[in-house]
Amino acid sequence: MDEIAQGHELSPGLPPALVAWFAARGWQPRPHQLAVLQHTHAGLSVLLSAPTGGGKTLAGFLPSLCDLMAGDTVDAVKSDGRLHTLYLSPLKALAVDVRRNLEEPISDMGLPIRVESRTGDTPQSRRQRQRRNSPHMLLTTPEQLALLLSYRDAGRYFAHLRYVIIDELHALAANKRGDLLALGLARLAGMAPAARQIGLSATVAAPDKMAGFLACAGPVAVIDGGPGPRPEINIMAASARVPWAGHMTLHAMADVYSAIKAQQTSLVFVNTRAQAEVVFNHLWRLNEDGLAIALHHGSLAPEQRRKVEAAMVRGALRAVVCTSTLDLGIDWGAVDLVIQVGAPKGLSRLVQRIGRANHRLDEPSRALLVPSNRFEVLECQAAAEAVMEGELDGEPPRRGGLDVLAQHILGTACGGPFHAAELYAEVCRAAPYAGLSRDSFDRVVDYVATGGYALRQYERYARLVRDSEGRHDVSGPRVARQYRLNVGTIVAEPMIHVRLKRGRNLGQIEEWFIDQLVIGDTFAFAGEILRFEGMRETVATVSRAAGVEAKVPSYYGGKFPLSTYLAARVRGLLADEAARNRLPPPVRDWLDMQRRRSVLPGPEGLLVEGFPRGGKHYLVCYPFEGRLAHQTLGMLMTRRMERAGHRPFGFVASEYALAVWSLNRVEDVEPLFGEDMLGDDLEEWLAESNLVKRTFRNVALIAGLIDRRHPGQEKTGRQMTFSSDLIYDVLRKYEPDHILLRATQADAATGLLDIGRLGDMLARVKGRIDHRSLDRVSPLAVPLMLEIGREAVHGDSMEELLSEAAEDLINEASCLL
């Protein structure tokens, strides 16, 4: 493996064959790698925080290799198909890459160690064989672990497990996949008490808190692998002017192409799948040199993704345009440059992506940040400076979702009957559920068993029965079958397969996008321009249509919010004159003009600007709290303005700011930002909002109230929405305290609505609102005013007004260009 470091003496405890293999390549383990071996052999679980390229994957597997290289251990495991090591990854591609890296030394040393991966793409026949005759090392995902735990022979299968390795732990711990994983790890700890857990991460902001995620298996040692070399980060000074607004970064594509040409291999990261398609197509049009440029994102067919990954391993590509599917841990040491198109939205994500370049020890990674607009220049500058200072961000530990708990309880029953008290004790050993009350647990069990008070009369929701010993068990094999078809917490929008006419499968696109198309429409997907030929069941048939203009699919999900920490850095940059002087001249001039016309936002308070335009009155505020929180603020503000007689027309939100326009002027803005808006105003809005119904649908899918998949068929999005809306209305009317409505409210606070972050912001700015009444639009408001024309705004007069405004604003600010 090319992660192994040089310059340190080998531990005399390493097997001679492994010592010889290292020596033949001039490699030697580092202290943190040997520390993992020593602590696990002492019976401790371990959290290793090491820089990208710092040998953390080798460190994770070193105890397993040393253990399995003892002849008696290999013979014992080989003789009866015992699973020795379980590796868990958030990404399928990462599991495949790690398997490739493991197989090299195992093959070179002639070891009888079998390594296999198991993901959703693994053929069913191989997965069945893996259950009958396990490899020594199984590389898989949290969802596959939940599936394996749901079988009646799970206790036998995992009984001899010695090591559980969780790679890129930070990417799992702060979301519902982490909840499911934590519950699975707690269950594994009971089945295989001798197994040690090894958590690996390159970006842990709070290692001691993260270590609690592994504590279900006993004491945890935290090992710091050191900071590693600081990366080299540059922000692109595009030859074209940086736009006021927009997110596709098309102004810089010629410069991005030039950067690709100057390197042997580059990874071009974007933040959404739609942007990946756009960027790839523009680069391809510029590709007069015929460079091998590929596309990789989660909606492409698995075969296409594997083809791209294999080509990267061979060094056959000059660049890959990719999304978060390649964020984590992929060991491509030949990557010279990472290009981040668009602002990164978070420090830890940026560090992960930068680490894909020069994925070797002691060599700095090189990155080029390409902002899409002027506000993103500020974000890129703040992010680059924070990374160079060694800062990281990350979500605080979350409280486990009750919908995920419901899924786990059903999966546990599929694996065999359980006593509620025993399962409750086990669940509380999972870090996200450490504070779970017995009452909440019992209510979730009752929901799984009956559907709850309002649904218990329907037989289909009776999924658990009690046996003579008082244990809960599944009511029949159909329940277990449905659980295994629908396991997991990733709730994507309903997808449609895209298949070439008389050709191969290209991947999947959201159903709602396909619904907009008529036969003959064109769209960009899988790096090609395709013509829609028709639809049959869940397959859209297409043909190639080169040389024409195309619609571009816009996917739900995948849009990262601006992290709280990075938002604070941006506000701090605006308040720091020395930092502003390091910005590019056009952006610096833009901010100087803002200071002359108004004032710059402060680091703690809230700037609110009011100005008239075209017979309307505008309020623009700059919280820098992310689009989700700003959209929620906009909804609540307009409700208050309506009650106060200001007659609001609408609002538009960006990652950085919010603009609301109304017929009447607002003199006193303080009441619009009162913390009490998160009380009755919020409750009234939630009762009416379709966003909450959408959140409930996701909760219902995870909790098994609605099954997306059935044997041989899959529900459409319309069918699922119809079912979930009906149930939502029934529960609100007859059982408003239903456990899934509680779960929905909790999700709304941190998910689509980001209410928790909005509440923190309102508390922070209380008594610190700086209201500036202006006679015309401020320079800082220009980008958001231009965004208004891109949003769905009610009223023909508003369209005319904003077209005029956009033209005037551009002329007004021409001195900045």
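Residues numbered from 1 in each chain as written. Predicted model: local features only at pLDDT ≥ 70, side-chain atom pairs only at ≥ 80, totals over all residues. Heavy atoms only, no water.

Here we look at empty space enclosed by the protein
Part 1 of the reasoning: Throughout the structure, instances matching the rule amount to three cavities of 30 Å³ or more.
Part 2 of the reasoning: Considered as a void within the structure, the largest cavity measures approximately 90 Å³ in volume.
Part 3 of the reasoning: Lining the largest cavity are Trp244, His247, Asn373, Phe375, Arg627, Ser654, Glu655, Tyr656, Pro783, Leu784 and Glu787.
Part 4 of the reasoning: The biggest single contributor to the lining of the largest cavity is helix α31 (residues 782-788), with three residues.
Part 5 of the reasoning: Of the residues in the lining of the largest cavity, the class split is five nonpolar, three polar and three charged.
Part 6 of the reasoning: The calculated volume of the second largest cavity comes to roughly 80 Å³.
Part 7 of the reasoning: Where the lining of the second largest cavity is concerned, the elements lending two or more residues are α7 (142-149), α10 (176-191) and α17 (402-415). (1 Å grid on protein atoms, 1.4 Å probe; cavity = no way out; pocket = protein on both sides within 12 Å on 5 of 7 lines; lining within 4 Å. Points joined across faces, edges and corners; volume = space filled by probe spheres on them. Helix = DSSP H or I, 4+ residues; strand = E, 2+ residues; numbered from the N terminus. Nonpolar A, V, L, I, M, F, W, Y, C, P; charged D, E, K, R; others polar.)

Details of the packing of aromatic side chains
Part 1 of the reasoning: Tallied over the entire structure, the rule returns 13 aromatic pairs.
Part 2 of the reasoning: Relative to Tyr728, the ring of Phe696 has its centre 5.3 Å away and its plane inclined at 55 degrees; by these criteria the two rings are tilted. One end of the pair, Phe696, is in helix α27 (residues 690-703); the other, Tyr728, is in helix α28 (residues 717-734), and 32 residues separate them in sequence. Across the pair, Tyr728 and Phe696 agree in class, each one buried.
Part 3 of the reasoning: Site record: aromatic cluster; members linked through ring pairs are Trp244, Phe375, Trp590, Phe624 and Tyr656.
Part 4 of the reasoning: For the cation-ring pair, Arg374 lies above Trp244, with the distance from its terminal atom to the ring centre recorded as 4.3 Å.
Part 5 of the reasoning: Sitting over the ring of Tyr151, Arg484 keeps its end group 4.2 Å from the ring centre. (Phe/Tyr/Trp six-rings, centres within 6.5 Å; stacked < 30°, edge-to-face > 60°. Buried < 20%, exposed > 50% of the residue type's maximum accessible area, 1.4 Å probe, protein only. Lys NZ or Arg CZ within 6 Å of the ring centre and 35° of its normal.)

A look at the packing of α10 against α17
Part 1 of the reasoning: Relative to each other, α10 and α17 sit at 35 degrees, their axes nearing to 9 Å. Where α10 crosses over α17, the two elements pack in a sense that is right-handed. In this structure, α10 contributes Lys176, Asp179, Leu180, Leu183, Gly184 and Arg187 to the contact, and α17 contributes Asp403, Val404, Leu405, Gln407, His408 and Thr412.
Part 2 of the reasoning: Taken together, the residues of the contact of α10 with α17 sort by class into four nonpolar, four polar and four charged. (Axes fitted to C-alpha atoms, helices over the stretch in contact; angles between N-to-C directions. Left-handed = near helix turned anticlockwise from the far one by under 90°. Contact = heavy atoms within 4.5 Å.)

Topic: the pairing of strand β24 (residues 658-662)
Part 1 of the reasoning: By the criterion of burial, β24 is predominantly enclosed, with five of the five residues buried.
Part 2 of the reasoning: Where burial is concerned, the two faces of β24 agree: the one with Leu658, Val660 and Ser662 and the one with Ala659 and Trp661 are both buried.
Part 3 of the reasoning: Two elements, strand β22 (residues 616-621) and β24, share five bridges in a ladder whose sense is antiparallel. Note on β24: the bridge partner recorded for His617 is Ser662.
Part 4 of the reasoning: Pairing of strand β23 (residues 648-653) with β24, which is carried by five bridges, proceeds in the antiparallel orientation. When the bridges of β24 are listed, Ala653 appears paired with Leu658.
Part 5 of the reasoning: In this antiparallel pair of consecutive strands, β23 and β24, the connection spans four residues. (Pairing = 2+ DSSP bridges.)

Here's the deal with the pairing of strand β19 (residues 528-536)
Part 1 of the reasoning: With four bridges connecting them, strand β18 (residues 522-525) and β19 associate as antiparallel partners. Within the sheet, the bridge partner assigned to Ala524 lies in β19 and is Ile529.
Part 2 of the reasoning: Linking β18 back to β19 in an antiparallel pair, the connection comprises two residues, with Ala526 at a positive phi of about 55 degrees.
Part 3 of the reasoning: Across six bridges, the pairing between β19 and strand β20 (residues 539-544) is antiparallel. Bridging from a neighbouring strand, Leu530 pairs with Arg544 of β20.
Part 4 of the reasoning: Here β19 folds back onto β20 in antiparallel fashion, the turn holding two residues, of which Glu537 has a positive phi close to 55 degrees.

Quick word on the environment of Leu300
Part 1 of the reasoning: Counting through the fold element by element, Leu300 comes out in the loop between β10 (293-296) and α14 (302-314).
Part 2 of the reasoning: Separated by 225 residues in the primary sequence, Leu300 and Phe525 place their C-alpha atoms 8.5 Å from one another.
Part 3 of the reasoning: If near-sequence neighbours (up to four positions away) are discounted, Leu300 is found in contact with Glu277, Leu295, Arg305, Leu506, Gly507, Phe525 and Ala526.

Re the sheet that holds β18
Part 1 of the reasoning: Pairing within the open sheet is mixed, and its five strands lie in the order β17-β16-β20-β19-β18. Each of the sheet's edge strands pairs with one partner strand only, and the pair in question is β17 (505-510) and β18. Across the sheet, the mean angle from the axis of one strand to that of its neighbour is 45 degrees, orientation sign disregarded.
Part 2 of the reasoning: Bridge analysis of strand β16 (residues 495-500) against β17 gives five bridges, and the strand direction is antiparallel. The residue of β17 that forms the bridge with Val498 is Gly507.
Part 3 of the reasoning: Here helix α13 (residues 273-286) sits on the sheet and contacts β16, β17, β18 and β19; the angle it forms with β18, its principal contact strand, is near 95 degrees.

Focus on the sheet that holds β10
Part 1 of the reasoning: Taken in spatial order, the six strands make up an open sheet running β8-β13-β12-β9-β11-β10, and their pairing is parallel. The two strands at the open ends of the sheet, each matched to only one other strand, are β8 (232-235) and β10. Averaged over all pairs of adjacent strands, the angle between their axes in this sheet comes to 20 degrees, without regard to strand direction.
Part 2 of the reasoning: Here β8 runs beside strand β13 (residues 366-370); their pairing, made up of four bridges, is parallel. Within β13, the position partnered with Ile233 by the bridge is Ala367.

A look at the pattern of salt bridges
Part 1 of the reasoning: Within this structure, the stated rule accounts for 37 salt bridges.
Part 2 of the reasoning: A salt bridge links Arg129 to Glu116; its shortest N-O distance comes to 2.6 Å. Within this pair, whereas Arg129 is found in helix α6 (residues 124-132), its partner Glu116 is found in strand β3 (residues 115-118), the two being separated by 13 residues in sequence.
Part 3 of the reasoning: The class for Glu116 is buried, based on a relative accessible area of 11%. (Salt bridge = Lys/Arg side-chain N within 4 Å of Asp/Glu carboxyl O.)

Considerations on the nonpolar core
Part 1 of the reasoning: Of all hydrophobic cores here, the largest spans 111 residues; its most connected members are Leu86, Phe158, Leu405, Ile409, Phe441, Leu633 and Phe673.
Part 2 of the reasoning: Among the elements that take part in this core, α17 stands out by supplying eight residues, more than any other.
Part 3 of the reasoning: With 52 residues, the next largest nonpolar core counts Cys380, Trp590, Ala781 and Leu784 among its residues. (Core = buried A, V, L, I, M, F, W, Y, C linked by side-chain atoms within 4.5 Å.)

Quick notes on helix α30 (residues 755-765)
Part 1 of the reasoning: Most of α30 is tucked away: eight of the 11 residues are buried.
Part 2 of the reasoning: Burial in α30 covers these residues: Ile755, Arg757, Leu758, Gly759, Met761, Leu762, Arg764 and Val765.

Section: helix α2 (residues 31-41)
Part 1 of the reasoning: Among the residues making up α2, those that are buried are His32, Gln33, Leu34, Ala35, Val36, Leu37 and Thr40.
Part 2 of the reasoning: Positive phi shows up at Gly43, right after α2, with a value of about 90 degrees.

Let's talk about the environment of Ser773
Part 1 of the reasoning: Along the chain, Ser773 falls in strand β27 (residues 769-773).
Part 2 of the reasoning: A relative accessible area of 47% places Ser773 in the partly exposed class.
Part 3 of the reasoning: The spatial distance from the C-alpha of Ser773 to the C-alpha of Ser598 is 8.8 Å, given a sequence separation of 175 residues.
Part 4 of the reasoning: Those residues in contact with Ser773, other than ones at most four positions away along the chain, are Gly610 and Arg665.

A word on the side chain of Gln263
Part 1 of the reasoning: Here Gln263 lies in the loop between α12 (253-261) and β9 (266-269).
Part 2 of the reasoning: Residue Gln263 is classed as buried on the basis of its relative accessible area, which comes to 16%.
Part 3 of the reasoning: Once residues within four sequence positions are removed from consideration, Gln263 is found in contact with Arg318, Asp336, Leu337 and Arg366.

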